[in-house]
Amino acid sequence: MSEKVLPFNKEKLSQVIEQYPTPFYIYDEEAIRDNARRLIKAFSWAPEFKEYFAVKATPNPSILKALKEEGIGADCSSLLELMLAEKAGISGEEIMFTSNDTPAEDFIKARELGAIINLDDITHIPFLESNAGTPDLICFRYNPGPLQEGGNAIIGNPEDSKYGLTRKQLLDAYSIMQAKGVKRFGVHTMVISNELDPNYFIETASMMFDLVVEIYKTLGIKMEFVNFGGGIGIPYKPEQEAVDLEYLSRGIKSAYDEKIVANNLHPLKLYMECGRMITGPYGYLVTTVMHKKEIYKNYVGVDACMANLMRPGMYGAYHHITVLGKEDWPLGYIYDVVGSLCENNDKFAINRKLPMMEIGDIIAIHDAGAHGHAMGFNYNGKLRSAELMLKPDGTVEMIRRSETIEDYFSTLNT
Ligand SMILES: *Cc1c(COP(=O)(O)O)cnc(C)c1O
């Protein structure tokens, strides 16, 4: 069970709303920092462990800056994400550039910042070289493909995924880079997403350590780091359990000892690119009930919509809902909580048991700290909301203003 508690009560939130009207996102900075420290601490046994926060999850420099202070870098996949990292003061090898189908200008910017470049395809070797030059350190993204090719039962079949190089291409790619005089190498993979079973990550790590040994034996390359990507899930539902980071870390350590240490390939740096598990549980979409509607079902209409938080409408994802001030009320009513888009999937919750709702109630939608605001859009003429930071001292700072009508019209010829 993961208890869904809020870092604010109704009184506090009502004060915030006086200054910043709903809908808005609010992030709990202290909880994000604590969580970042927990992850780093879990891997304190590793020769060097670094988390590169996936910028796409919460692309706000204020978040990136707070994470940088905790020793976390940035995982970027586009020119603008690189610029966001730069704005947060993150540069050089604190940036991992894990992109795919990459435009030349993105590689140029990544090289300018001295980011670690993680190539998604063997054809990107000459593309990178001719557009931005070959760096001293290079990483490739591995796609383990179908099981019979050395994949692994627990991970499944990443052969349908567009990412990465095949096993054969991977070995060829390192050999090509070796011939070009590159001396520093890393290897990356990311085969799972929003996964709560730590054994998947342990299996992935184990597979990657085997690969590091194989690359050493075939090419004589001593890998500098392995990047396991992101994908650690979060307990969106109250009955789900968060990933036990200590268990995860112990499992990876035993594979490390068995494969890396035993083959004299220690020290090997371990990297991750988690987004969701870092900020996800510590961000909330706050919205106010505008209407109640009773037809064949009972609807609660709020002032946020799917354009603010796409996950429920897009994936049918569960996001827990708390009605402020009614935390202890019985869940005696069943509602669909909906937004105002002219799309019938614009629903934050379907058949949700909630306390009796009234117009004016303030609702917090949980676990919206990653892939939330970031996936917002302007459909139906909806504007993106503000983002606020609840600071460790209890004050609230606006870290992104809401979009205005002028913003919307600024790209149009009118
Ligand atoms: C999306 C993504 C991540 C982060 O995934 P989370 O599920 O947020 O942890 C990390 N690396 C790459 C390459 C990604 O595409």
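Residues numbered from 1 in each chain as written. Predicted model: local features only at pLDDT ≥ 70, side-chain atom pairs only at ≥ 80, totals over all residues. Heavy atoms only, no water.

Asker: Would you mind showing me how to read the site of the ligand here?
Answerer: In the vicinity of the ligand lie 13 residues, with Lys56, Gly231, Glu273, Arg276 and His371 positioned nearest. Contact distances for the ligand include 3.2 Å between a nitrogen atom and a side-chain N or O atom of Asp75. Gly275 has a polar backbone atom sitting 2.9 Å from an oxygen atom of the ligand. Contact with the protein chains hides 89% of the accessible area of the ligand, taken as 390 Å² for the molecule alone. (Near = heavy atom within 4 Å. Polar contact = N/O pair within 3.5 Å; in protein donor to acceptor, adjacent residues only side chain to side chain. Areas by Shrake-Rupley, 256 points an atom, 1.4 Å probe, with all protein chains shown as cover.)

Asker: So what exactly am I meant to see when it comes to the pattern of salt bridges here?
Answerer: Think of it this way: side chains of opposite charge can pair up when their charged atoms draw near. This structure, assessed with the given rule, holds 27 salt bridges. Linking Glu29 and Arg33 is a salt bridge whose minimum nitrogen-to-oxygen distance equals 2.8 Å. Separated by four residues within a single helix, Glu29 and Arg33 lie in helix 2 (residues 29-42), roughly one turn from each other. The residues Glu29 and Arg33 share a single accessibility class, namely buried. Two residues, Asp336 and Lys297, come together in a salt bridge whose shortest N-O distance is 3.1 Å. Linking Asp336 in strand 13 (residues 333-338) with Lys297 in the loop between strand 10 (283-294) and strand 11 (298-302), this pair joins segments that are 39 residues apart in sequence. Judged by its relative accessible area of 1%, Asp336 falls in the buried class. On the basis of relative accessibility, which here comes to 30%, the residue Lys297 falls in the partly exposed class. Linked by salt bridges that have partners in common, Glu29, Arg33, Asp34, Arg37, Glu69, Glu70, Lys391 and Glu397 make up one network. (Salt bridge = Lys/Arg side-chain N within 4 Å of Asp/Glu carboxyl O. Helix = DSSP H or I, 4+ residues; strand = E, 2+ residues; numbered from the N terminus. Buried < 20%, exposed > 50% of the residue type's maximum accessible area, 1.4 Å probe, protein only.)

Purely geometric stuff here, so don't read any function into it on its own.
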